[in-house]
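Close look at the chain arrangement
Spelled out, the chains give:
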Amino acid sequence: MKFRLNRQESKQQRSLTPWEQYQEQAKQKRRQQQRQARTPKWFHQAKRIGDKLPRLKHQRNRQLVRRLTILLTSFTVVILAMVYLVSPLSHLQHVRVTGAHALSVRQIQTATGVLPGDSIFNVMGHEKKLQQQALQRNSRLKKSRSSFIYSITRPFGSQNM
């Protein structure tokens, strides 16, 4: 172990010989080249206009976000509409017939053309047309009336407590 009397000697500046200066410069050049080799070539070459005009960059980002929100909301609305149309919520669950004494429930359902599982959109808005068709299809019917009652049924297997 080397014993140093002057502990501050390493911190003191000493003059370098020309050869040591050359070696130090070469070492710095190598370090700089290694740093440049790590970064891709296109990194320093590409200058974007957004770098010089930050407000333009901000404006483009706002337009991008606006377009993105419009597209995402329209896609989600379309997907939700498709899910609703496929789901059982958009189909008739039950068809209830009241006041049928001379005809069976099945005969009245076939006369009106409304069966469980039909789409609500095939029935809603077409009530008068369906009533007229029912009277024409079965002469034993005197009058028909339809009303819609929306109810959420309990899942299968649930019990009252």
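Given the structure is predicted, the values throughout are model-derived calculations rather than measurements. (Residues numbered from 1 in each chain as written. Predicted model: local features only at pLDDT ≥ 70, side-chain atom pairs only at ≥ 80, totals over all residues. Heavy atoms only, no water.)

1. Quick look at the overall build of the chain
- Within the chain, the secondary structure is distributed over 7 helices and 0 strands.
- Expressed as a percentage of its 161 residues, the buried residues of the chain come to 11%.
- Long-range pairs, those at least 24 residues apart, make up 45% of the contacts in the chain with a sequence separation of at least 6.
- Accessible surface, the chain: about 15700 Å² in total, of which carbon and sulfur atoms supply 56%. (Helix = DSSP H or I, 4+ residues; strand = E, 2+ residues; numbered from the N terminus. Buried < 20%, exposed > 50% of the residue type's maximum accessible area, 1.4 Å probe, protein only. Contact = heavy atoms within 4.5 Å. Areas by Shrake-Rupley, 256 points an atom, 1.4 Å probe, with all protein chains shown as cover.)

2. Remarks on the environment of Ile49
- When you line up the elements, Ile49 lands in helix H3 (residues 49-52).
- Note on Ile49: relative accessible area 47%, which makes it partly exposed.

3. Observations regarding the packing of helix H5 (residues 105-112) against helix H7 (residues 127-137)
- At a minimum axis distance of 7 Å, the contact between H5 and H7 shows a crossing angle of 120 degrees. Taken together, the axes of H5 and H7 are oblique relative to one another. The residues of H7 that touch H5, namely those facing Thr110, Ala111 and Thr112, are Leu130, Gln133, Ala134 and Arg137.
- For the contact of H5 with H7, the residue count by class is 3 nonpolar, 3 polar and 1 charged. (Axes fitted to C-alpha atoms, helices over the stretch in contact; angles between N-to-C directions. Parallel < 35°, antiparallel > 145°, perpendicular 65-115°, else oblique. Nonpolar A, V, L, I, M, F, W, Y, C, P; charged D, E, K, R; others polar.)

4. A short note on the environment of Asn138
- Structurally, Asn138 is set in the segment after H7.
- Remark: the alpha-carbon pair of Asn138 and Ala111, spanning 27 residues in sequence, is separated by 6.1 Å.
- Those residues in contact with Asn138 that sit more than four places away from it in its chain are Leu103 and Ala111.
- There is a polar contact of 3.2 Å between the side chain of Asn138 and the backbone nitrogen of Arg140. (Polar contact = N/O pair within 3.5 Å; in protein donor to acceptor, adjacent residues only side chain to side chain.)

5. What about the side chain of Ser119?
- The residue Ser119 is located in the loop between H5 and helix H6 (120-123) in this model.
- Taking relative accessible area as the criterion, Ser119 reaches 19% and is therefore assigned buried.
- If we skip the residues at most four places from it in the chain, Ser119 touches Ser90 and His91.

6. Brief notes about the side chain of Thr112
- Tracing the sequence through the fold places Thr112 in helix H5.
- Classification of Thr112 by relative accessible area gives buried; the value is 16%.
- A polar atom in the side chain of Thr112 sits 3.1 Å from the backbone oxygen of Gln109.
- In this structure the side chain of Thr112 is engaged in a polar contact, spanning 3.4 Å, whose partner is the backbone nitrogen of Val114.

7. As for a nonpolar patch on the surface
- Taken together, Tyr84, Leu85, Val86, Leu89 and Phe121 make up a surface patch of nonpolar side chains, about 500 Å² in accessible area.
- It is helix H4 (residues 54-86) that contributes the most residues to the nonpolar patch, 3 residues altogether.
- Here Tyr84 is to be found in helix H4. (Patch = residues over 30% accessible without salt bridge, like charges linked within 9 Å, V, L, I, M, F, W, Y side chains within 5 Å. Salt bridge = Lys/Arg side-chain N within 4 Å of Asp/Glu carboxyl O.)

8. Observations regarding the confidence of the model for the chain
- When the pLDDT values of the chain are averaged, the result is 79; 76% of them are 70 or greater.
- Confidence, expressed as mean pLDDT per element, reaches its minimum in the chain at helix H2 (residues 41-45) with 61 and its maximum at H4 with 93. (pLDDT = per-residue confidence, 0-100.)

9. With respect to H5
- Regarding H5, the residues found buried are Ile108, Gln109, Ala111 and Thr112. Projected down its long axis, H5 shows its buried positions confined to an angular sector of 160 degrees, all on one face.
- Residues of H5 that are buried in the fold lie against H7.
- At the exit of H5 stands Gly113, carrying a positive phi of roughly 80 degrees. (Arc of directions from axis to C-beta.)

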